[in-house]
Amino acid sequence: MLAVVGDVSAADVALLAGAAVLNVATFAPPWMTALPGLGFIRALAMTQAATALSSSVPAGEAVGVGLFARMLRAWGYSRGVVAAVVAVIATFNVLVKVVLPLAAMAALLAAGKTAGPALQVTTAVGVAASVAAIAALAFGLRRESSTRSLGSWLDRVVDRLRVRRAQSIGDALVHFRAEALGLLGRRWASLVVWTVVGHLCVFVVLLASLHAADVGNVALVDAFAAWALTRLLTAIPITPGGLGVVEIGLTGALVASGGENAPVVAAVLLYRAFTWLPTLAAGAVSALVWRRLRAA
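Residues numbered from 1 in each chain as written. Predicted model: local features only at pLDDT ≥ 70, side-chain atom pairs only at ≥ 80, totals over all residues. Heavy atoms only, no water.

A. Examining the side chain of N23 more closely. Along the chain, N23 falls in helix 2 (residues 10–25). Overall, the relative accessible area of 3% leaves N23 in the buried class. The residues contacting N23, other than those within four sequence positions of it, are G198, C201, V202, V205 and T275. (Helix = DSSP H or I, 4+ residues; strand = E, 2+ residues; numbered from the N terminus. Buried < 20%, exposed > 50% of the residue type's maximum accessible area, 1.4 Å probe, protein only. Contact = heavy atoms within 4.5 Å.)

This is how it looks when you write it as structure tokens:
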């Protein structure tokens, strides 16, 4: 494995670096779409800082969302706008992670292949969970009256727990509903496109890694299926940044698709290095300078 990594050519390193830069750059457009006026530099700094934090600490997803909110509030966005944008973008990301395995299964069938049991089961579970969550959300937000009723019920629960709050949950949910529906009504198509592009750019890094490690006996459709399956597994934040889950899942799927063990392991390590380390480095810098970008 180390020999394979050590034999990576300068051209392949350049290809990997280019793919990594492209991947990092596509973090910003969904936020720029959802928040006109945010700008590329601030959107990039925010996403890299929050992603680096969420990928490196326990319960990182919640911590990352908190950092998103803090940075956007510091740049002058209201709580309602921040809540709606964070929720919509997070929902779109999860939905794309569910759709990718479906697309992989369709591609496998078109190529005359059969989707493996792991892909079938994981996709079925992911689709069922997503449909249930979307149905619950749609039921609660379908009308302002139902949203307020849901909020009133939550208010009563919170009152029994004697938790203080600055605003009733009912009012907050009604405001959230208006902001979210306004955002989706104006920019949903652009958000879908940029979210899909962002995820596919991660796959480009994997393709560059497979090329660099000379994993030539895994078909493109099989590589996509393996990646899509692993991508869906990371929708549940079991470990920070999917540490261990991605390495084991992706390596096993690629080897099962015909890849040799040593080159596949090397490719997966390159993939993780060029998707994780650039964000950690950019995130560390962004965390130090983001306050200076307030007037950007």
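Continuing now.
B. Expanded view of the confidence of the model for the protein. Mean pLDDT over the protein works out to 81, with 79% of the residues at or above the 70 mark. Looking over the protein, one finds the lowest element-wise mean pLDDT in helix 1 (residues 2–6), namely 52, and the highest in helix 3 (residues 29–34), namely 93. (pLDDT = per-residue confidence, 0-100.)

C. The arrangement of the nonpolar core in detail. Counting residues in each nonpolar core, the largest one holds 34 residues, and the members touching the most others are L206, L210, V215, W227, L250, L254 and Y271. Elements with a minimum of two residues in this core: helix 2, helix 6 (79–110), helix 9 (169–212), helix 10 (220–233), helix 11 (245–256) and helix 12 (261–289). Once residues within four sequence positions are removed from consideration, W227 is found in contact with L100, H199, L200, V202, F203, L206, L250 and Y271. Among the nonpolar cores identified, the runner-up in size contains 29 residues, and A50, L67, V85 and I89 belong to it. (Core = buried A, V, L, I, M, F, W, Y, C linked by side-chain atoms within 4.5 Å.)

D. Looking closely at the packing of aromatic side chains. Counted by the stated rule, this structure contains 4 aromatic pairs. Seen from their ring centres, W31 and F68 are 4.5 Å apart, and the 20° between their planes marks the pair as stacked. Highlighted residues: W31 in helix 3 and F68 in helix 5 (residues 60–74), separated in sequence by 37 residues. According to the relative accessible area criterion, W31 is buried, its value standing at 6%. Looking at F68, the relative accessible area reads 13%, which means it is buried. Their ring planes at 40° and their centres at 5.8 Å tell us that F224 and W227 sit as a pair that is tilted. (Phe/Tyr/Trp six-rings, centres within 6.5 Å; stacked < 30°, edge-to-face > 60°.)

E. Expanded view of unusual backbone geometry. The phi torsion at D214 lies on the positive side, around 60°, for a residue other than glycine. Looking at the secondary structure, you find D214 in the loop between helix 9 and helix 10.

F. Broad picture of the environment of A90. Residue placement: A90 occurs in helix 6. Residue A90 is classed as partly exposed on the basis of its relative accessible area, which comes to 39%. Between the C-alpha atoms of A90 and V65, which are 25 residues apart in sequence, the distance is 9.4 Å.

G. Focus on the packing of helix 2 against helix 12. Two elements in contact, helix 2 and helix 12, have axes whose closest approach is 10 Å; the angle formed by their N-to-C orientations is 50°. By the criterion of interaxial angle, the relationship of helix 2 to helix 12 is oblique. Viewed along their axes, helix 2 and helix 12 form a crossing whose handedness is right-handed. Of the residues in helix 12, those touching helix 2 at L16, A17, A20, N23 and V24 are L270, F274, T275, P278 and T279. (Axes fitted to C-alpha atoms, helices over the stretch in contact; angles between N-to-C directions. Parallel < 35°, antiparallel > 145°, perpendicular 65-115°, else oblique. Left-handed = near helix turned anticlockwise from the far one by under 90°.)

H. Main features of the side chain of T51. Here T51 lies in helix 4 (residues 40–54). At 2.6 Å, the side chain of T51 forms a polar contact with the backbone oxygen of T47. Excluding its chain neighbours within four sequence positions, the residues that come into contact with T51 are F27 and T279. (Polar contact = N/O pair within 3.5 Å; in protein donor to acceptor, adjacent residues only side chain to side chain.)

I. Expanded view of helix 10. Spanning 14 residues, helix 10 covers 20 Å between terminal C-alpha atoms, matching the ideal 20 Å at 1.5 Å per step. With 12 of its 14 residues buried, helix 10 lies for the most part within the structure. Every buried residue belonging to helix 10 is among V221, D222, A223, F224, A225, A226, W227, A228, L229, T230, R231 and L232, and all of these are buried. (Expected span 1.5 Å × (residues − 1).)

J. Highlighting the packing of helix 4 against helix 12. The contact between helix 4 and helix 12 brings their axes to 7 Å, and the two run at 115°. Taken together, the axis directions place helix 4 and helix 12 in an arrangement best described as roughly perpendicular. You can see that helix 4 and helix 12 cross each other, and the crossing is left-handed. Across from A45, Q48, A49, T51 and A52 in helix 4, the residues of helix 12 making contact are T279, L280, A282, G283, S286 and A287. Of the residues in the contact of helix 4 with helix 12, the class split is 6 nonpolar, 5 polar and no charged. (Nonpolar A, V, L, I, M, F, W, Y, C, P; charged D, E, K, R; others polar.)

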